[in-house]
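The residues making up each chain are set out below.
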Amino acid sequence: MSTPPQPHPQHKSALVLSGGGAYGAFAVGIMKVLFAGRSPATEYQPLDANIFAGTSVGAFNAAVMVGDTAHDVIAGRAAGMATIGVTYGFNPQAVIDAKPDWTIATIAELPGVLGIA
């Protein structure tokens, strides 16, 4: 098998997700396969997208909720989004107690959590 072409250091890769109701569930399965490196489309290499975009239901799949209150975390989870709680707001313990997917203490940590550092 040949080595997949490497992107130019200045180039970014993007995952663009479409809308259309049930396509949202389909897209989640496809993303799992792509990110795990189980697709011939990526020559069985994990997809390392730098940019995520979507329309309609695709936008929900591409979104993450970042918030400094427990309400933000709860709302993000209710919308089916990944959640990141920041602990530099008014009530950091409430954010932690809401059990976000990730917790960060400074905005500088955000790119690392998002995988774009």
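The present account deals with the structure reproduced in this document. None of the values given here were measured: they were computed from a predicted structure.

1. Comments concerning the overall build of the chain
- What the chain contains, in helices and strands, is five helices and five strands.
- When the helices and strands of the chain are placed in sequence order, the string is β-α-β-α-β-α-β-α-β-α.
- For the chain, buried positions account for 22% of its 117 residues.
- Counting only contacts in the chain whose residues sit at least 6 apart along the sequence, the fraction spanning at least 24 positions is 41%.

2. Structural notes on the nonpolar core
- Counting six residues, the largest nonpolar core is built from Leu15, Leu17, Ala27, Met31, Leu34 and Ala49.
- Of all elements in the fold, only strand E1 (14–17) and helix H1 (23–36) reach the threshold of two or more residues within this core.
- A total of three residues in this core trace back to one element, the largest contributor, which is H1.
- Among all residues touching Leu17, those that are not within four sequence positions of it are Ala27, Met31, Ala53, Gly54, Thr55, Gly58, Asn61 and Ala62.

3. As for the sheet that holds strand E3 (residues 64–67)
- In spatial order, the strands read E3-E4-E5; together these three strands make up an open sheet with parallel pairing. Both edges of this open sheet fall to E3 and strand E5 (102–104), since each of them pairs with a single strand only. This sheet shows a mean twist of 20° between the axes of neighbouring strands, independent of strand direction.
- Most of the contacts of helix H3 (residues 70–78) go to strand E4 (residues 82–86), to which it runs at about 175°, and overall it touches E3 and E4.

4. A few points about the pairing of E1
- Side chains of E1 alternate between two faces, with Leu15 and Leu17 buried and Ala14 and Val16 left unburied.
- Relative to strand E2 (residues 51–54), E1 runs parallel, the two sharing four bridges. Residue pairing in the sheet places Leu17 in a bridge with Gly54 of E2.
- With respect to chirality, the unit in which E1 leads through H1 into the neighbouring parallel E2 is right-handed.

5. Quick look at the side chain of Thr83
- Here Thr83 lies in strand E4.
- Residue classification places Thr83 among the buried residues on the basis of a relative accessible area of 0%.
- For Thr83, the contacting residues outside a window of four places in its chain are Val64, Met65, Val73, Gly76, Arg77, Pro100, Asp101 and Trp102.

6. Some remarks on the environment of Met65
- Its place among the elements puts Met65 in strand E3.
- In sequence terms Met65 and Thr83 are 18 residues apart; their C-alpha atoms lie 4.8 Å from each other.
- Residues within four places of Met65 in sequence aside, it is in contact with Asp72, Gly76, Met81, Ala82, Thr83 and Ile84.

7. Quick notes on H1
- Spanning 14 residues, H1 covers 20 Å between terminal C-alpha atoms, matching the ideal 20 Å at 1.5 Å per step.
- Phi for Gly37, located one or two positions after H1, is positive at around 75°.

What counts, and at which threshold
Residues numbered from 1 in each chain as written. Predicted model: local features only at pLDDT ≥ 70, side-chain atom pairs only at ≥ 80, totals over all residues. Heavy atoms only, no water. Helix = DSSP H or I, 4+ residues; strand = E, 2+ residues; numbered from the N terminus. Buried < 20%, exposed > 50% of the residue type's maximum accessible area, 1.4 Å probe, protein only. Contact = heavy atoms within 4.5 Å. Core = buried A, V, L, I, M, F, W, Y, C linked by side-chain atoms within 4.5 Å. Pairing = 2+ DSSP bridges. Axes fitted to C-alpha atoms, helices over the stretch in contact; angles between N-to-C directions. Right-handed = clockwise from strand over helix to strand, strands pointing away. Expected span 1.5 Å × (residues − 1).

On their own, these measurements won't tell you what the molecule is for.
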